[in-house]
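# Structural description and commentary
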Amino acid sequence: MITSKPGILCVDDEPSNLKILEAILTPRGYEVLPAESGTEALEIINKQKVDIVLLDVMMPGVSGYDVCKRVKEDERCRNIPVVMVTALTSKEERIKGIEAGAEDFISKPFDHTELLTRIKMLLKMKDLRDSLDSAYAKITALSGFGARMAMSFDPLNFNFISSFDNIVNHIIRKTSEMSDKPQIVVVGFIDENNNWQWYQFESISSNLKRTWLKLDIHNDLGVINGDNRVCHYNEADLEGSNIRAFTQTMASRAIKVSNVAGFVSNVFCVLALNHNKVVSRYDAEVLNSIAVQSLFFKSLSSQVKETENAFDYLVHAMARAAEANDEDTGNHILRVGEYCAIVAKEIGMSEKFTGIIRIQATLHDVGKIHVHPDILKKPGKFTPEEYENMKKHTIYGAKILGDHVRLTLARKACLSHHERWDGGGYPHALKGEQISVEGRILNIADQYDALRNARVYKPAFDHQKTYGIITEGDGRTMPHHFDPQVLRAFKETASQFEEVYERMKG
């Protein structure tokens, strides 16, 4: 750990007094910064790190009171303790010093022991205040980061460890000047298979590096069910701490652990290692804030994904129910969904649209629930009345699905997947772009699978014959029935159609 000596600015217009202070303070490990005037003192404060100011009151030009007042008015250095060193003992002079912002007074001639004791006490107070301010600044920054993360939160595509890259990037040390930030961050969590996953983060040349750790660190930390603790350990505390085994594990990776702040639970742990300063409970509370925020997003994402999986399951269940009395068997509805996704991607539809049509295209024939099984399974040609009844499955399907926004695509697909580009389809004889893009895509997907499967009026066709019928026509099915863009996409991806059919023809 890199440490720096506390810097004490000694301000006095008498050089002999400065020498006395230097003789007292330097052997105790303090860095003395001498100034013979108030102006010089203010210049030093602006340029160097100062931890305490020992300030003479009676100086020519800028007085000690003026120096103190200016220090306390400057947000950058107002937390630096100022000790007035003065021969003045009147109540009025002390009040004037308090009004200027001085934390303490020492009367000349001063007692060496008293001076050192007060410096030690004030440094301790400053460290606590700096730690609190640092923690507040970190939590404030993380709150802003959390708000931005919430605005862009995509629960379906949420990746916990990738999201943590962004969080760690905010708290890890990237340069040697960032003494209040950790050198290394170690994160562990329970994955979907109920196994612990551990990662080590560090900044190399200002770039975040994440390394997977094949280690059982949770055992080193003594993690148990219900465990949930915020902790901090400075170098002197580690030997007898309950993370001693963890420090030994890290030592096996050639990492010497010091000054640790952490959050430990039975589902998630984060440990910030090797701060260039003494850590406190405030540093640990920052990690607690990170943990709570991260676990919230992880839990929310899991719940949304679980709901989505249930939704997809119900969509497939409804689709399966619809085909129960149809002549189609096997994985027809699943194959059609895959074909639709292939075409959607090829014509440049969004990833979101492609994912939705893969699932909801399976509902294209849900309206057949309202068509009598005798018609669906009729071995011969339909009578005109039966054919009109069959065509109504498109309208029935749209009514079944209703107007819920989550099923908008499925409803459009139900209603328009038998419409033809040339206007010769049903139920509304729509033409060209009057037909929804969902219907145009599904039309070719459904037609391909119908040709590949055996029907009472036809045998099953192989891929090559099916491709020829769709692209060249056979009288019953013709190329001008399809959206030209969709037809081109089919030609480009025909091999993928064949692969899907062969893989899912069971």
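Please read all numbers here as calculations on a predicted model, not as lab measurements.

Bringing the overall build of the protein chain into the picture now. Counting its regular elements, the protein chain contains 18 helices and eleven strands. For the protein chain, whose C-alpha radius of gyration is 37 Å, the value lies well above the compact-globule estimate of 23 Å for 506 residues. With the C-alpha coordinates aligned to their principal axes, the bounding extent of the protein chain is approximately 120 × 50 × 35 Å. The 506 residues of the protein chain split such that 48% are buried. In the form shown here, the protein chain has an accessible surface area of approximately 25,600 Å², with 52% of it arising from carbon and sulfur atoms.

Moving on, we get to the sheet that holds strand β4 (residues 82-86). In spatial order, the strands read β2-β1-β3-β4-β5; together these five strands make up an open sheet with parallel pairing. What marks the edges here is a single partner per strand, and that holds for β2 (31-35) and β5 (104-107). The average undirected angle you get between the axes of adjacent strands in this sheet is 20°. By the bridge criterion, four bridges tie strand β3 (residues 52-56) to β4 in an arrangement that is parallel. Bridged to Val 53 within β4 is Val 82. Its contacts with the sheet place helix α3 (residues 64-73) against β3 and β4, and it is angled at close to 180° to β4.

Let us look at helix α13 (residues 384-391). Burial in α13 covers these residues: Glu 386, Met 390 and Lys 391. End-on view of α13: buried residues confined to an arc of 140°, all on one side of the axis. Among the exposed residues of α13, those pointing more than 90 degrees away from its buried face are Pro 384 and Glu 385. In this structure, the buried side of α13 is in contact with α12 (373-376) and α14 (393-401).

Turning our eyes to something else, we now look at the nonpolar core. In terms of nonpolar packing, the biggest core is built from 30 residues, with Cys 340, Val 343, Ile 357, Ile 441, Ile 444 and Ile 470 touching the most fellow members. Put simply, the parts of the chain that give this core at least two residues each are α10 (332-346), α11 (351-360), α15 (408-416), α16 (437-452), α17 (463-472) and α18 (484-503). The element best represented in this core is α18, accounting for seven residues.

For the rest of this paragraph, the subject is the pairing of strand β7 (residues 196-204). Of all the nine residues making up β7, seven are buried; the element is thus mostly covered by neighbouring parts of the structure. Here seven bridges tie strand β6 (residues 184-190) to β7, and the two strands are oriented antiparallel to one another. Paired with Gly 188 across the two strands is Trp 198, which belongs to β7. What sits between β6 and β7 in their antiparallel hairpin is a turn of five residues, with Asn 194 showing a positive phi close to 65°. As judged from the seven bridges shared by β7 and strand β8 (residues 207-213), these two strands associate in the antiparallel manner. Bridge pairing in β8 links Gln 200 to Thr 211. Connecting β7 to the antiparallel partner β8 that follows it, the hairpin turn spans two residues, and Ser 205 within it adopts a positive phi of roughly 55°.

Moving on, we come to the confidence of the model for the protein chain. Interpretation of the predicted coordinates at a detailed level should be avoided for regions scoring low in pLDDT. For the protein chain, per-residue confidence averages 86 on the pLDDT scale, and 92% of positions sit at 70 or higher. Of all helices and strands in the protein chain, the one with the weakest mean pLDDT is helix α5 (residues 112-151) (77), whereas α18 scores best (96).

If you walk through the whole model with that rule in mind, you get ten aromatic pairs. Ring centres of Trp 196 and Trp 198 lie 5.3 Å apart, and the angle between their planes is 15°; this geometry places the pair in the stacked category. Residue Trp 196 is classed as buried on the basis of its relative accessible area of 17%. Residue classification places Trp 198 among the buried positions, given a relative accessible area of 0%. Centroid distance Tyr 448 to Phe 497: 5.2 Å. Interplanar angle 85°. Geometry classified as edge-to-face. On the criterion of sequence distance, the pair formed by Tyr 448 in helix α16 and Phe 497 in helix α18 is long-range, its members being 49 residues apart.

What follows concerns α15. What α15 keeps buried is the set Leu 409, Ala 410, Ala 413, Cys 414 and Ser 416. In this fold, the buried residues of α15 make contact with α11, α14 and α16.

A word on the pairing of strand β11 (residues 268-273). Judged by how many residues are buried, β11 sits mostly within the fold: six of six residues are covered. Of the two faces of β11, the one carrying Phe 268, Val 270 and Ala 272 and the one carrying Cys 269, Leu 271 and Leu 273 are both buried. Relative to β11, β6 runs antiparallel, the two being bridged by six bridges. Within the sheet, the bridge partner assigned to Val 187 lies in β11 and is Val 270.

By the secondary structure assignment, Asp 283 is in helix α9 (residues 281-322). The exposure class assigned to Asp 283 is buried, which follows from its relative accessible area of 4%. Polar side-chain contacts of Asp 283 include one of 2.9 Å to the side chain of Lys 277.

Right, let's get into the packing of helix α2 (residues 38-47) against α3. Relative to each other, α2 and α3 sit at 20°, their axes nearing to 9 Å. Between α2 and α3, the angle is such that the two are roughly parallel. The interaxial crossing formed by α2 with α3 has right-handed handedness. The segment α2 lies against α3, with Gly 38, Leu 42 and Ile 45 engaging Val 67, Arg 70 and Val 71.

A surface patch of nonpolar side chains, about 230 Å² in accessible area, is lined by Met 318, Ile 369 and Ile 400. Turning to its location among the elements, Met 318 is positioned in helix α9.

What counts, and where the lines are drawn
- Residues numbered from 1 in each chain as written.
- Predicted model: local features only at pLDDT ≥ 70, side-chain atom pairs only at ≥ 80, totals over all residues.
- Heavy atoms only, no water.
- Helix = DSSP H or I, 4+ residues; strand = E, 2+ residues; numbered from the N terminus.
- Rg over C-alpha atoms; globule rule 2.2 N^0.38 Å.
- Buried < 20%, exposed > 50% of the residue type's maximum accessible area, 1.4 Å probe, protein only.
- Areas by Shrake-Rupley, 256 points an atom, 1.4 Å probe, with all protein chains shown as cover.
- Pairing = 2+ DSSP bridges.
- Axes fitted to C-alpha atoms, helices over the stretch in contact; angles between N-to-C directions.
- Contact = heavy atoms within 4.5 Å.
- Arc of directions from axis to C-beta.
- Core = buried A, V, L, I, M, F, W, Y, C linked by side-chain atoms within 4.5 Å.
- pLDDT = per-residue confidence, 0-100.
- Phe/Tyr/Trp six-rings, centres within 6.5 Å; stacked < 30°, edge-to-face > 60°.
- Polar contact = N/O pair within 3.5 Å; in protein donor to acceptor, adjacent residues only side chain to side chain.
- Parallel < 35°, antiparallel > 145°, perpendicular 65-115°, else oblique.
- Left-handed = near helix turned anticlockwise from the far one by under 90°.
- Patch = residues over 30% accessible without salt bridge, like charges linked within 9 Å, V, L, I, M, F, W, Y side chains within 5 Å.
- Salt bridge = Lys/Arg side-chain N within 4 Å of Asp/Glu carboxyl O.

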